[in-house]
Amino acid sequence: MGRASTDAAVLDAGLRAYMLRVYNWMASGLALTGIVAYVIANTALSQAFYTVGRTQSGYLVTQPTLLGWAAILAPLAFVLVLSFGVNRMQKTTVQALFWAFAAAMGASMANLFVIYAGTSIATTFFVTAGMFAAVSLYGYTTNRDLTRMGSFLMMGLIGIIIAGLVNMFVGSTALQFAISVLGVLIFTGLTAYDTQRIKADYIEFAYAEGSDEAAKRSVFDALGLYLNFVNLFQFMLQFMGVRNQSN
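Only a predicted model underlies this, so the values are computations on that prediction, with no experimental measurement involved.

The rules we used
- Residues numbered from 1 in each chain as written.
- Predicted model: local features only at pLDDT ≥ 70, side-chain atom pairs only at ≥ 80, totals over all residues.
- Heavy atoms only, no water.
- Helix = DSSP H or I, 4+ residues; strand = E, 2+ residues; numbered from the N terminus.
- Buried < 20%, exposed > 50% of the residue type's maximum accessible area, 1.4 Å probe, protein only.
- Pairing = 2+ DSSP bridges.
- Salt bridge = Lys/Arg side-chain N within 4 Å of Asp/Glu carboxyl O.
- Phe/Tyr/Trp six-rings, centres within 6.5 Å; stacked < 30°, edge-to-face > 60°.
- UniProt positions renumbered as here; feature names shortened; annotations may be inferred.
- Patch = residues over 30% accessible without salt bridge, like charges linked within 9 Å, V, L, I, M, F, W, Y side chains within 5 Å.
- Areas by Shrake-Rupley, 256 points an atom, 1.4 Å probe, with all protein chains shown as cover.

Some details on the environment of Ser-57
Okay, step 1: On the secondary structure map, Ser-57 appears in the loop between β1 (50-54) and β2 (60-64).
Okay, step 2: Ser-57 sits in the exposed class, given a relative accessible area of 54%.
Okay, step 3: Taking the C-alpha atoms as reference points, Ser-57 and Phe-152, separated by 95 residues in sequence, lie 39 Å from one another.

Okay, here's the thing in structure tokens:
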């Protein structure tokens, strides 16, 4: 009985340390993304990534350059490489790819500082952070099995990706609004699901503290939560963001 209690306490302590490492990686990645996006948007570097125009209503819009499209597509390449190669890579390689991914995401999101007012970006970020923290805590503490919900949410994610591609040609504001609503719901749910999955994986595999496996998995798990946060933030920005207008 005493041995079982001791083992459970050790596992619980290891899990808390592991989750803290995951959240630290995620927060560091978000910080790097924000810094890169802000620097590019507020320096001459912006001209290499996008051109600025305006709509008939006077709102500022951006059009990616060739380098801008590379920045937009690069994060997908990093995600695929990490997803399929994390088990074969060295710890330092996984970490370097994560930093490169976060920087590329910053470059791809720099135009947000042109399209939206800085105060509304900050407000949306803190609202998103509060939502993310609450939902992630729910996923960590709930006894409800979220596995089935995860499968449903992944199908919904595929659906909004397809709808988004269609709307690039249709240009429907009603469809865009529906996509944004579904996007917030889906990535809120995925945050809870992924948090529970990360916890369950640690309990199942019990990564040895300080091992390369624990280091690599913590970065990979942080990547999943990072993606949920960034997508949730961008969908929330479509509701809360105040668009800039040209003078």
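Quick look at the pairing of β2
Okay, step 1: Sheet topology note: the β1/β2 ladder contains 5 bridges and is antiparallel. Note on β2: the bridge partner recorded for Gly-53 is Val-61.
Okay, step 2: In this structure, the hairpin formed by β1 and β2 is closed by a connection of 5 residues, where Gly-58 is found at a positive phi of approximately 95°.

Description of the pattern of salt bridges
Working definition: two side chains of opposite charge can pair if their charged atoms are close together.
Okay, step 1: For the structure on display, the rule yields 3 salt bridges.
Okay, step 2: Measuring nitrogen to oxygen at the nearest pair gives 3.4 Å for the salt bridge that ties Asp-194 to Arg-197. With a gap of 3 residues between them, Asp-194 and Arg-197 both fall in helix α8 (residues 173-205), about one helical turn apart.
Okay, step 3: The class of Arg-197 is partly exposed, set by a relative accessible area of 25%.
Okay, step 4: Between Arg-197 and Asp-221 there is a salt bridge; the shortest N-O distance is 3.6 Å. Placement of the pair is Arg-197 in helix α8 and Asp-221 in helix α9 (residues 212-240), with a sequence separation of 24 residues.
Okay, step 5: If you follow the salt bridges from partner to partner, you end up with Asp-194, Arg-197, Asp-201 and Asp-221 in one network.

Topic: the packing of aromatic side chains
Okay, step 1: As enumerated under the stated definition, the model contains 14 aromatic pairs in all.
Okay, step 2: Measuring from centroid to centroid gives 5.6 Å for Trp-25 and Phe-98, while their planes differ by 90°, and the two rings are edge-to-face. Within this pair, whereas Trp-25 is found in helix α1 (residues 2-41), its partner Phe-98 is found in helix α4 (residues 91-108), the two being separated by 73 residues in sequence.
Okay, step 3: Ring geometry for Trp-25 versus Trp-99: centroids 5.2 Å apart, planes at 45°, classification tilted.

So, the UniProt feature "transmembrane region" (unreviewed entry) in the chain
Okay, step 1: When the UniProt feature table is mapped to this numbering, "transmembrane region" (unreviewed entry) covers residues 25-46, 66-84, 96-115, 121-140, 152-169 and 175-193.
Okay, step 2: As annotated, residues 152-169 comprises 100% helix and 0% strand, and the C-alpha atoms at either end are separated by 27 Å.
Okay, step 3: Taken end to end, residues 175-193 is 100% helix and 0% strand, and its two terminal C-alpha atoms sit 26 Å from one another.

So, a nonpolar patch on the surface
Okay, step 1: Residues Ile-158, Ile-161, Ile-162, Leu-165, Val-166, Met-168, Phe-169 and Val-170 make up a contiguous nonpolar surface patch of about 870 Å² in total accessible area.
Okay, step 2: Take Leu-165: it is sitting in helix α7 (residues 147-170).

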